[in-house]
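Below are the chains, spelled out letter by letter.
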Amino acid sequence: MRLIGHSMSSDNGRTSLYTRFYIIFQIIGLTLIFYVYNWIVQYRGGFSITEPKIIFNWHPLLMTIAFIYLLANSILHYRTFQNNTKRKLKNQHALIHGCILILIVIAGFAAFVSHQYAKPPIPHLYSLHSWLGVLTIVMFLSQLFSGLWCFLYPGAAKQHRETLAPYHVFFGISIFILAVATAVLGFCEKIIFSLDKQYKLLPAEGVLGNILGILCVFYCLLVVYMITKPEFKRHPKLEYETLL
């Protein structure tokens, strides 16, 4: 009986600690989205669906929501809602990824349209930020479709799921880290191009851009810590379950 009581107490303590980290995680993520939105509205002219220069502003906001906030939530989803059934968690995980896919398509479209119709037109895919962005999207799509086939398709063999699961976890974390690195480069690139020589004088927009980068990095470190901490891992029950 003591062993059972000790185990229950340990589980409650682990859950309480995870909840604290999860609250901090949500606060930082929502704060990041708020500051990206505030930066665009206050310094970059807001949003538009007709003016090419401002159409682009949808790109950083939607990519932040999709590839940083929602992707981080999808990574932690299995750990956060451990009492849900395996099937429900799988469906919710896939639904979040579906939302991410929709947002990145819109965000990518906004970037290409704004470059195409700018005067003069801006070349596509020439910067390191854009190259990393393409790589991130390709990896995300590969992860999405392989996950749908292996973990949701009824005909997928169990041994295939067991083989793919560790790689699914590894690439999920890798895609998130790559997305954060791409976002930091994107913020830096946009701030430098917009402020030019004024950037070295550290104006308010430059400070805000630096803060956005730091928030992204800190958010990334927090997510990686929460996903790799053994105590927070979702424990498989009767049947095989993925780690994410």
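Predicted model only: the values in this text are computed from it and were never measured. Here the residue index of a chain counts from 1 through its sequence in written order. Only residues with pLDDT of 70 or above have their local features reported here, since the model is predicted, and side-chain atom pairs are shown and tallied only from 80 upward, although totals for entire chains, interfaces and linings are computed over all residues. The basis for every side-chain value is the complete set of heavy atoms in the structure, and neither hydrogens nor water enter the calculation.

**Student:** I keep staring at the overall build of the protein chain and nothing clicks. Help me out?
**Tutor:** When its secondary structure is counted, the protein chain shows seven helices and zero strands. Counting from the amino terminus, helix and strand elements in the protein chain follow one another as α-α-α-α-α-α-α. A buried classification covers 43% of the 244 residues belonging to the protein chain. We get accessible surface area from the Shrake-Rupley algorithm with a probe of 1.4 Å; when it comes to residues, only the shown protein chains can shield them. Here the protein chain has roughly 13,700 Å² of accessible surface; of this, 70% comes from carbon and sulfur atoms. Secondary structure elements are defined from DSSP: runs of H or I of at least 4 residues count as helices, runs of E of at least 2 residues count as strands, and each element is numbered from the N terminus. Only protein chains enter the calculation, and the probe is 1.4 Å; a residue is then buried if its accessible area is under 20% of its type maximum, exposed if over 50%, and partly exposed in between.

**Student:** Even after reading the chapter, I still don't get the packing of helix α3 (residues 58–80) against helix α5 (residues 128–152), so can you show me in this structure?
**Tutor:** Angle between the axes and distance between the axes are the two parameters that describe a pair of packed helices. Working convention: axes come from line fits to C-alpha atoms, limited for helices to the stretch in contact. Angles between N-to-C directions cover 0 to 180 degrees. For the pair α3 and α5, the least separation of the axes is 14 Å and the interaxial angle reads 45°. In terms of axis orientation, α3 runs oblique to α5. The handedness of the crossing between α3 and α5 comes out as left-handed. Here α3 contributes H59, M63, F67 and L71 to the contact with α5, which in turn contributes H129, T136, I137 and F140. Each residue gets one of three labels, nonpolar for Ala, Val, Leu, Ile, Met, Phe, Trp, Tyr, Cys and Pro, charged for Asp, Glu, Lys and Arg, and polar for the others, Gly among them. By residue class, the composition of the contact of α3 with α5 is five nonpolar, three polar and no charged. For classification, angles of less than 35 degrees are called roughly parallel, those exceeding 145 degrees roughly antiparallel, those between 65 and 115 degrees roughly perpendicular, and all remaining angles oblique. Note on convention: the crossing is left-handed when the near helix lies turned anticlockwise from the far helix by less than a right angle, right-handed when the turn is clockwise. Residues count as neighbours in contact if any of their non-hydrogen atoms are within 4.5 Å of one another.

**Student:** Please explain the packing of aromatic side chains as it appears in this structure.
**Tutor:** Aromatic ring pairs are described here by two measures, namely the spacing of the ring centres and the angle between the planes. In this analysis, rings of Phe, Tyr and Trp, with Trp reduced to its six-membered ring, are considered paired at centre separations within 6.5 Å, and the interplanar angle assigns stacked below 30 degrees, edge-to-face beyond 60, and tilted for intermediate values. Under the counting rule described, the total for this entry stands at 13 aromatic pairs. Geometrically, the ring pair formed by F21 and Y225 is tilted, given 5.3 Å between the ring centres and 45° between the ring planes. Of this pair, F21 sits in helix α1 (residues 2–43) while Y225 sits in helix α7 (residues 204–228); the two residues are 204 residues apart in sequence, bridging distant segments of the chain. Ring geometry for F34 and Y35: centres 5.5 Å apart, planes at 65°, overall edge-to-face. Three or more aromatic residues link up through ring pairs in this structure, and these residues are Y18, F21, Y22, F25, F176, Y219, Y225 and F232. We call a charge positioned above a ring when the Lys NZ or Arg CZ atom is no farther than 6 Å from the ring centre and deviates by at most 35 degrees from the ring normal. The ring of F232 is capped by K229, whose NZ or CZ atom sits 5.7 Å from the centre of that ring.

**Student:** Whenever I open this one, the pattern of salt bridges confuses me. Can you help?
**Tutor:** Where charged atoms from two side chains of opposite charge come close, those side chains can pair. When a carboxyl oxygen of Asp or Glu lies within 4 Å of a side-chain nitrogen of Lys or Arg, that pair is called a salt bridge. Enumeration over the complete set of coordinates arrives at two salt bridges. Residue R44 pairs with E205 through a salt bridge whose shortest N-O separation is 2.8 Å. Pair noted here: R44 is in the loop between α1 and α2 (52–55) and E205 is in helix α7, with a separation of 161 residues, a long-range link. Between E231 and K229 there is a salt bridge, with the nearest N and O atoms lying 3.6 Å from each other. Look at E231 and you get partly exposed, because its relative accessible area is 40%.

**Student:** How should the UniProt feature "transmembrane region" (unreviewed entry) in the protein chain be read in this particular structure?
**Tutor:** Listed under "transmembrane region" (unreviewed entry) in the UniProt record, and renumbered for this structure, are residues 21–40, 60–78, 99–118, 130–152, 164–187 and 207–227. Segment residues 60–78 splits into 100% helix and 0% strand. End C-alpha atoms: 27 Å apart. Along residues 99–118, the helical share is 90% and the strand share 0%, with 29 Å between the first and last C-alpha atoms. UniProt positions are given in the numbering used here, feature names are shortened, and annotations may be inferred rather than shown by experiment.

**Student:** Please clarify how unusual backbone geometry should be interpreted in this entry.
**Tutor:** The phi angle of most residues is negative, glycine excepted, and most peptide bonds adopt the trans form. Put simply, K119 and P120 share a cis peptide bond, and its omega is -5°. Mapped onto the fold, P120 is located in the loop between α4 (86–116) and α5. Phi is positive for L125, which is not a glycine, with a value near 50°. By the secondary structure assignment, L125 is in the loop between α4 and α5. L125 gets classed as partly exposed once you look at its relative accessible area, which sits at 41%.

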